[in-house]
Amino acid sequence: MAGGFSVSASSGTEFEAKITPIVIISCIMAATGGLMFGYDVGISGGVTSMDDFLREFFPTVLKKKHEDKESNYCKYDNQGLQLFTSSLYLAGLIATFFASYTTRRLGRRLTMLIAGVFFIVGVIFNGAAQNLPMLIIGRILLGCGVGFANQAVPLFLSEIAPTRIRGGLNILFQLNVTIGILFASLVNYGTAKIHPWGWRLSLSLAGIPAGLLTLGALFVVDTPNSLIERGKLEEGKAVLKRIRGTDNVEPEFNEIVEASRVAQAVKHPFRTLLQRRNRPQLVIAVLLQIFQQTTGINAIMFYAPVLFSTLGFKSDASLYSAVITGAVNVLSTLVSVYSVDRVGRRMLLLEAGVQMFLSQVAIAVVLGIKVTDRSDNLGHGWAILVVVMVCTFVSSFAWSWGPLGWLIPSETFPLETRSAGQSVTVCVNLLFTFVIAQAFLSMLCHLKYAIFAFFSAWVVIMSLFVLFFLPETKNVPIEEMTERVWKQHWFWKRFMDGDNHHIVYGAGKINGTNGAAV
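The structure displayed is predicted, hence computed values, not measured ones.

Draft legend 1. Looking closely at the overall build of the protein. From N to C terminus, the protein includes 23 helices and zero strands. Put simply, the protein has 518 residues, and 62% of those count as buried. Of all intrachain contacts in the protein linking residues separated by at least 6 positions in sequence, the fraction that spans at least 24 positions is 82%. When the accessible area of the protein is evaluated, it comes to approximately 18700 Å², of which 68% is carbon and sulfur surface.

Now the structure itself:
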C-alpha cells in the first residue's frame, strides 16, 4: 500500500502518451501485489476461527471456545494466536527498509520478483505446516513479501502510467487489496466445510496471486525512471517509447533525467525529512497512518469471522457476514475512485468521520445491552442490525481513510524526500497494524463492548484533526504544494518562513515522474 495513488492536476506540459496495451497489462500484473496483501489479511481471520486449524495448533483456544465457561469476549484471547496474524506485519515492517534499497539499486521489477518469491516460499511453509514454528515462519516470509511488494508496486504503477490516468491506475492497488480480502472470505466460506484439511487449502490458495505476481514480474519491463536512475539512459528512452506508444518522448525523458539528477544530489533523504520545512508533511503522513489504524478498521476486517462468532452467529453465518463486509469494502473503494478529485479529500474524510462515529456507537450500545459475558444470543433482528452497522462503518472507511491515508502522504512530500517519506509512511502503518492486531483480541476480552466506544473516541479526535490541520490538496500540482498549500495554511505557514532555499524544478510537471527520487 506504499503510496497508494498520487493524483495530479494538470500544470505546465502534458506529455504525449497513448494508453498502450503494455501499460494496461503491466499495471494489472503489478497490482496483483495488492491482491496478495489483501488475501493474507483476509484469510487469517477465517482460518483462526476454524476448529480443525485450532485443534492442530492452538488446542487451548479450541477448548476455551467450546467449553465456553469463560466470557464470550475472551474466547480467542491468546498471544500465540495473535502472533500468527501479526507476525506478518512485523516482518513486513523490517523488510520495507531493505526493499527501499533494492527498489533504488536493483529496480522496481526485480523488487517485485523478490516479493513474489518470498510469497511462494511462505505459502509452501503455511500450506504444509506441521507445527507452530513452521506456521509462523511461513507468515514471516509472507510478511517479507508484503514489505517488498508494498514498496515497489505503487511506485511501479505511478511511474509507468500516463499522467492523466495515474490516479485511477494507482487505486488499482487499493482496489486489489479489497478484492483480495473478499476472495479470502469466499475461500474460507468454502473450505470451512472441508474437514480436516480445509484450512490448508485456504492458506495454499494464496499461491495463485503469488504466482501471478512472480510471472508478472518476469514479463513486465522496468520503469524508465528506474532505468535512468541506474544510469541506463538509452534503455530507459527505448522503454519510454514503447510504453508511451510514440517516438516523441524527449520532454518527458529530459524531465526524468533532471529529476533523477536532483534526487541523487540529496545524499541523506531521511535527514532532509527531519528539517523544519518538511515538518508539516511528515507530521500529517505519520498521523494519518496512526489514525487509519485507530479507526478500528483492521480489527474489524481481520477478525470479522471471529467477531461475529463471538456475538453468537454460528460459524457458518459468521464467515458469511465476513463475505458481505468484504463486498461492501470493494464497492465503496470504487466510490472514492470516482469522488476524490471531485469533492476533495477533506470532504470525504469529514463525512466518513460522522458515519463511522455513529455506526460504532450504535454497535457498542447494541452489544452493551444484548451480549453479556455468558449469554450470546443476539436474536435475529439485532444480529442483522450489527452486520448493517459494521457495513456502514466499513463503507465509510473504504471511501475515506482507506485510500486517502495512502494518497495524501504520497502527494504532499516534495520530490527530494518522497522516497524517505514513503518508507516512513509504510513503516508507521505496518507498526500500528501490528500493535492493533496483537492487542485487539485481548482488548476485546477486557474492554468488552466498550472497545467500539474506544475506537469511536479516536474517530472524533481524527475528525477534529482533519477539520483544523489538514489542508485540501485536490487539484494542486505536487510541486506547487509549498506555495499554494503550506504557505497559505493558518497553522503550517509558520514552518515555512525562511524557506528560500526550496529547490524549484522546471516548469514541466515533475510529478509525472513521481518516484524518480526513490
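Draft legend 2. Looking closely at the nonpolar core. If you look at the biggest cluster of nonpolar residues, it comprises 122 residues, and the most contacted ones within it are Phe53, Leu54, Phe58, Met112, Phe119, Ile284 and Trp401. Ranked by the residues each element gives to this core, the list is headed by helix 6 (residues 132–160), at twelve residues. Dropping the residues within four chain positions of it, Phe119 is found in contact with Met36, Asp40, Leu142, Gly145, Val146, Ala149, Ala210 and Leu213. Among the nonpolar cores identified, the runner-up in size contains five residues, and Leu273, Leu282, Ala285 and Phe413 belong to it.

Draft legend 3. Structural context of unusual backbone geometry. Following His195, the chain continues into Pro196 via a peptide bond in cis, with omega recorded as -10°. By secondary structure assignment, the location of Pro196 is in the loop between helix 7 (166–191) and helix 8 (198–204).

Draft legend 4. A look at the packing of aromatic side chains. Per the counting criterion, the structure on display carries 19 aromatic pairs. Here Phe53 and Phe57 contribute two aromatic rings whose centre-to-centre distance is 5.2 Å and whose plane-to-plane angle is 50°, an arrangement assigned as tilted. Note that Phe53 and Phe57 are positioned in helix 2 (residues 51–57) at a spacing of four residues, about one turn of the helix. For Phe53, a relative accessible area of 0% corresponds to the buried category.

Draft legend 5. Looking closely at a nonpolar patch on the surface. On the surface, Val354, Phe357, Leu358, Val361, Val365, Ile369, Val460, Leu464, Leu467, Phe468 and Trp490 cluster together to form a nonpolar patch covering roughly 1000 Å² of accessible area. Secondary structure elements with two or more residues in the nonpolar patch: helix 18 (345–370) and helix 22 (450–469). Ranked by residue count, the leading element in the nonpolar patch is helix 18, at six residues.

Draft legend 6. Up close: the pattern of salt bridges. Here the structure, examined in full by the defined rule, presents ten salt bridges. Across the salt bridge formed by Arg108 and Glu229, the nearest N and O atoms sit 3.5 Å from each other. Within this pair, whereas Arg108 is found in helix 5 (residues 108–127), its partner Glu229 is found in helix 10 (residues 224–229), the two being separated by 121 residues in sequence. Arg108 sits in the buried class, given a relative accessible area of 0%. Note on Glu229: relative accessible area 10%, which makes it buried. A salt bridge links Lys237 to Glu250, with the shortest nitrogen-to-oxygen separation between them at 2.7 Å. Separated by 13 residues along the polypeptide, Lys237 in helix 11 (residues 233–244) and Glu250 in helix 12 (residues 250–265) bring together distant segments of the chain.

Draft legend 7. Seen up close, helix 14 (residues 279–294). With 16 residues, helix 14 should cover 22 Å at 1.5 Å per step; its first-to-last C-alpha distance of 22 Å lies within 8% of that length. Most of helix 14 sits out of view: twelve of its 16 residues are buried. For helix 14, the set of buried residues is Pro280, Gln281, Leu282, Ile284, Ala285, Leu288, Gln289, Ile290, Phe291, Gln292, Gln293 and Thr294.

Draft legend 8. The arrangement of the packing of helix 14 against helix 22 in detail. Running from N to C, helix 14 and helix 22 point in directions that differ by 150°, and their axes come no closer than 9 Å. Between helix 14 and helix 22, the interaxial angle falls into the category roughly antiparallel. Both helix 14 and helix 22 take part in a crossing whose hand is left-handed. Contact residues: helix 14 offers Ile284, Leu287, Phe291 and Thr294, while helix 22 offers Phe455, Trp458, Ile461, Met462, Phe465 and Phe469. Residues that form the contact of helix 14 with helix 22 fall into these classes: nine nonpolar, one polar and no charged.

Draft legend 9. Structural detail: the environment of Asn176. When you line up the elements, Asn176 lands in helix 7. By relative accessible area, Asn176 is classed as buried at 13%. In this structure, the C-alpha to C-alpha distance between Asn176 and Leu35, residues 141 residues apart in sequence, is 4.7 Å. Setting aside residues up to four positions removed in sequence, Asn176 forms contacts with Ala31, Thr32, Gly34 and Leu35.

Draft legend 10. Seen up close, helix 20 (residues 401–412). Here helix 20 spans 16 Å end to end across twelve residues, near enough to the 16 Å set by a 1.5 Å rise per residue. The element helix 20 is extensively covered by neighbouring structure, given that twelve of its twelve residues are classed as buried. Every buried residue of helix 20 is accounted for by Trp401, Gly402, Pro403, Leu404, Gly405, Trp406, Leu407, Ile408, Pro409, Ser410, Glu411 and Thr412.

Draft legend 11. Summary view of the side chain of Ser359. Mapping Ser359 onto the fold places it in helix 18. A polar contact of 3.0 Å, which involves the side chain of Ser359, links it to the backbone oxygen of Gln355.

Draft legend 12. Spatial organisation of the confidence of the model for the protein. For the protein, per-residue confidence averages 82 on the pLDDT scale, and 87% of positions sit at 70 or higher. Considering only residues more than four positions removed or in separate chains, one finds that residues 500–518, a stretch of pLDDT under 50, has 66 contacts.

Draft legend 13. Just the side chain of Thr96, in detail. Checked against the element boundaries, Thr96 lands in helix 4 (residues 79–105). A polar atom in the side chain of Thr96 sits 2.7 Å from the backbone oxygen of Gly92. Contact partners of Thr96, with chain neighbours within four places excluded, come to Gly147, Gln151, Ser423, Val426, Cys427 and Leu430.

Draft legend 14. Summary view of the environment of Gly138. Tracing the sequence through the fold places Gly138 in helix 6. Residues contacting Gly138, with those up to four places away along its chain left out, are Gly122, Phe125 and Asn126.

Definitions and limits used
- Residues numbered from 1 in each chain as written.
- Predicted model: local features only at pLDDT ≥ 70, side-chain atom pairs only at ≥ 80, totals over all residues.
- Heavy atoms only, no water.
- Helix = DSSP H or I, 4+ residues; strand = E, 2+ residues; numbered from the N terminus.
- Buried < 20%, exposed > 50% of the residue type's maximum accessible area, 1.4 Å probe, protein only.
- Contact = heavy atoms within 4.5 Å.
- Areas by Shrake-Rupley, 256 points an atom, 1.4 Å probe, with all protein chains shown as cover.
- Core = buried A, V, L, I, M, F, W, Y, C linked by side-chain atoms within 4.5 Å.
- Phe/Tyr/Trp six-rings, centres within 6.5 Å; stacked < 30°, edge-to-face > 60°.
- Patch = residues over 30% accessible without salt bridge, like charges linked within 9 Å, V, L, I, M, F, W, Y side chains within 5 Å.
- Salt bridge = Lys/Arg side-chain N within 4 Å of Asp/Glu carboxyl O.
- Expected span 1.5 Å × (residues − 1).
- Axes fitted to C-alpha atoms, helices over the stretch in contact; angles between N-to-C directions.
- Parallel < 35°, antiparallel > 145°, perpendicular 65-115°, else oblique.
- Left-handed = near helix turned anticlockwise from the far one by under 90°.
- Nonpolar A, V, L, I, M, F, W, Y, C, P; charged D, E, K, R; others polar.
- Polar contact = N/O pair within 3.5 Å; in protein donor to acceptor, adjacent residues only side chain to side chain.
- pLDDT = per-residue confidence, 0-100.

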